[in-house]
Amino acid sequence: MALEEALLEESGEHGIALARLWLNPDSVVIGYTVDVEKEVNTSQAMAEGIPVVRRISGGGAVFHDLGNINLSIYIPRRLGVDEAYRLVTGIILRTLHSLGLEARVENGNDVAVGPWKVSGSAAAIRSRATLAHATLLVTTNPSRIRRLVIPQLHRVIRGEVTPVKYNPNSLDEITGGRIRLQQVARLLEYHVTQTLGG
């Protein structure tokens, strides 16, 4: 998480666009304003020895493991929130379409396949640079997410978000095991390069 902030500063200071594809061991990552006790089953996280860490972007709690690819894009200018979301969700959408999956954006920053959320994104916007980052659940077991992350169903009831936001699933589960992590990583790399121009 510290590297996310450092690279955002580097992008702004040196005026260069950067991209990072990365995996993270088991952890629950929370947005900078999240109330941990409301969004994370902390007793379960402690029982499993899973750290809870805070990121510099907004948004809710997400689960990381080695079956989840993280994509971070650092742009050396200030983008609006919607523009940052469009940048990163666009790359995720093109990657999923390349895999033959029908995907769409819901709630502005979630990517869904059918009734399931396979990707969520968040942004950190500074005066000289913007970070837009996203998760993509490739082989993560969705039951692990459900054990650790508390869905904010009151947001669905109030009509703020669609039920997709709290219905995670992995590409592995959705496709019956026909999608591999390295395959997805290569496609993400290709679409990042196409989007950023190198």
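Look above for the structure.
Residues numbered from 1 in each chain as written. Predicted model: local features only at pLDDT ≥ 70, side-chain atom pairs only at ≥ 80, totals over all residues. Heavy atoms only, no water.

A. Here's a closer look at helix H1 (residues 2-14). With 13 residues, H1 ought to run about 18 Å at 1.5 Å a step, and its terminal C-alpha atoms sit 18 Å apart, in line with that. Within H1, the full set of buried residues consists of Glu 4, Leu 8, Ser 11 and Gly 12. The arc enclosing the buried residues of H1, seen along the axis, measures out at 90°, which places them on a common side. The exposed residues of H1 that point more than 90 degrees off its buried face are Ala 2 and Glu 13. For H1, the elements touching its buried residues are strand E1 (18-22), strand E5 (68-75), strand E8 (116-125) and strand E9 (130-137). Just downstream of H1 lies Gly 15, where phi reads positive at about 65°. (Helix = DSSP H or I, 4+ residues; strand = E, 2+ residues; numbered from the N terminus. Expected span 1.5 Å × (residues − 1). Buried < 20%, exposed > 50% of the residue type's maximum accessible area, 1.4 Å probe, protein only. Arc of directions from axis to C-beta. Contact = heavy atoms within 4.5 Å.)

B. Up close: a negative patch on the surface. On the surface, Glu 5, Glu 9, Glu 10 and Glu 13 cluster together to form a negatively charged patch. Within the secondary structure layout, Glu 5 lies in helix H1. Of the residues examined, Glu 5 reaches a relative accessible area of 33% and is grouped as partly exposed. (Patch = residues over 30% accessible without salt bridge, like charges linked within 9 Å, V, L, I, M, F, W, Y side chains within 5 Å. Areas by Shrake-Rupley, 256 points an atom, 1.4 Å probe, with all protein chains shown as cover. Salt bridge = Lys/Arg side-chain N within 4 Å of Asp/Glu carboxyl O. Lys, Arg positive; Asp, Glu negative; His and termini not counted. Charge placed at Lys NZ, Arg CZ, Asp CG, Glu CD.)

C. Region of interest: the sheet that holds E1. Pairing is antiparallel across the open sheet formed by 6 strands, whose spatial order is E1-E5-E9-E8-E7-E6. Each of the sheet's edge strands pairs with one partner strand only, and the pair in question is E1 and strand E6 (104-106). With strand direction ignored, the average angle separating the axes of adjacent strands in the sheet is 20°. The strands touched by helix H8 (residues 181-196) within the sheet are E1, E5 and E9, with E5 carrying the most contacts at an inclination of about 15°. (Pairing = 2+ DSSP bridges. Axes fitted to C-alpha atoms, helices over the stretch in contact; angles between N-to-C directions.)

D. Structural view of the sheet that holds strand E4 (residues 62-64). Strand order in the open sheet made by the 3 strands is E3-E2-E4, with mixed pairing throughout. The two strands at the open ends of the sheet, each matched to only one other strand, are strand E3 (52-54) and E4. Neighbour-to-neighbour, the strand axes of this sheet turn through a mean angle of 35°, independent of strand direction.

E. Molecular detail of H8. If you check H8, its first and last C-alpha atoms are 22 Å apart, about what 16 residues at 1.5 Å a residue would give, namely 22 Å. Residues of H8 that are buried include every one of Val 184, Leu 188, His 191 and Val 192, and no others. Looking straight down H8, one finds that the buried residues subtend no more than 105° of arc, so they occupy a single side. Away from the buried face of H8 by more than 90 degrees, exposed residues Gln 182, Arg 186 and Gln 194 are located. In this structure, the buried residues of H8 make contact with E1, E5, helix H4 (81-98), E9 and helix H7 (171-174).

F. Looking closely at the packing of H4 against H8. Two elements in contact, H4 and H8, have axes separated by 9 Å at closest approach and are oriented at 130°. In terms of orientation, H4 lies oblique with respect to H8. In terms of crossing hand, the pair formed by H4 and H8 is right-handed. Mapping the contact onto sequence places Leu 87, Ile 91, Ile 92, Arg 94, Thr 95 and Ser 98 in H4 and Val 184, Leu 187, Leu 188, His 191, Val 192 and Thr 195 in H8. Class assignment for the residues of the contact of H4 with H8 results in 7 nonpolar, 4 polar and 1 charged. (Parallel < 35°, antiparallel > 145°, perpendicular 65-115°, else oblique. Left-handed = near helix turned anticlockwise from the far one by under 90°. Nonpolar A, V, L, I, M, F, W, Y, C, P; charged D, E, K, R; others polar.)

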